[in-house]
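Residue strings, one per chain:
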Amino acid sequence: GLDSGALQLVRICTTTHETRDTLHHFFEMHPTYCEHDDRITDVDVWRNAGDSTSSPPTEGAASTPNLVISGCMDGRVIVWDKNMGISYNLHPAHPAGVISVSCNQEDNHIFATAGLEGKIKVWNIRNVKSCRTVYTDEMEPPAVISWVPGRKNTLLVASKTGAVFLLNTETKTVSAHLSVMDREIRNLSWSSARPQLCAVAGDD
């Protein structure tokens, strides 16, 4: 995501060297897609988009599998399909601005968003009008959110106060609260080899 509000796609390409038996890696820039009116703050992807095992679209939903969601300081969330067409344009998703988005890897129709006003919302694209606010706390506002791998109803939330905790999106209950930093956590990243291991980075 760019400060201009544009979404930039980059493809990693691999070729075999002409004279050596080695692989050559390079990046290929794709056209940008500009639909936001302010800086893009977060982007996430559905890794199973287009997979034959993914659930079929429901009536009224886009026929092409959803691929990417982007959030912006203008409060807008856009859901892009795998051809980079716009499936849904949600505005205002968070009037104060969107700071984090996360695709639910267990369901190609569900994603979560966090806003500057301190709320976390869960959206089901089967009915975008019925989004649910699952968390709000002005004393411990969210900074970054991410679905826990293999757990459809659980988010890992990193807060602006430096804590991490689990949030059950069905019961709206918080568990496993742990203070790991003194200041805001900026990023979360799950280990592909050990799915229950997550690295955090912040301003400490």
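Preceding this section is the structure that the text describes.
Remember, it's a predicted structure, so these values are computed and weren't measured experimentally. (Residues numbered from 1 in each chain as written. Predicted model: local features only at pLDDT ≥ 70, side-chain atom pairs only at ≥ 80, totals over all residues. Heavy atoms only, no water.)

**Q** Just checking my understanding: could you explain the overall build of the protein chain for this structure?
**A** Secondary structure assignment for the protein chain yields 0 helices and 16 strands. Whereas a compact globule of 204 residues would reach a radius of gyration of roughly 17 Å, the protein chain reaches 18 Å, a difference of no more than 12%. Taking the principal axes of its C-alpha atoms as reference, the protein chain extends roughly 60 × 45 × 35 Å. Across the 204 residues in the protein chain, those meeting the buried criterion constitute 41%. A fraction of 42% describes how many contacts in the protein chain between residues 6 or more apart in sequence connect residues 24 or more apart. (Helix = DSSP H or I, 4+ residues; strand = E, 2+ residues; numbered from the N terminus. Rg over C-alpha atoms; globule rule 2.2 N^0.38 Å. Buried < 20%, exposed > 50% of the residue type's maximum accessible area, 1.4 Å probe, protein only. Contact = heavy atoms within 4.5 Å.)

**Q** Sorry if this is basic, but what is going on with the sheet that holds strand β12 (residues 154-159) here?
**A** Within a sheet, each strand pairs with its neighbour through backbone hydrogen bonds, oriented either parallel or antiparallel. Here 4 strands make up an open sheet; going across it, the order is β11-β12-β13-β14 and the pairing antiparallel. One side of each edge strand has no neighbouring strand; the edge strands of this open sheet are β11 (142-147) and β14 (173-179). Strand-to-strand twist of the sheet, defined as the mean angle between neighbouring strand axes without regard to direction, takes the value 20°. (Pairing = 2+ DSSP bridges. Axes fitted to C-alpha atoms, helices over the stretch in contact; angles between N-to-C directions.)

**Q** Help me understand the sheet that holds strand β7 (residues 98-103), please; the structure alone is not making it clear to me.
**A** One open sheet accounts for 4 strands, arranged β7-β8-β9-β10; its pairing is antiparallel. Of all the strands in the sheet, just β7 and β10 (132-136) have a single pairing partner and so form its edges. Between one strand and the next, the sheet's axes are offset by a mean angle of 20°, whatever the strand orientation.

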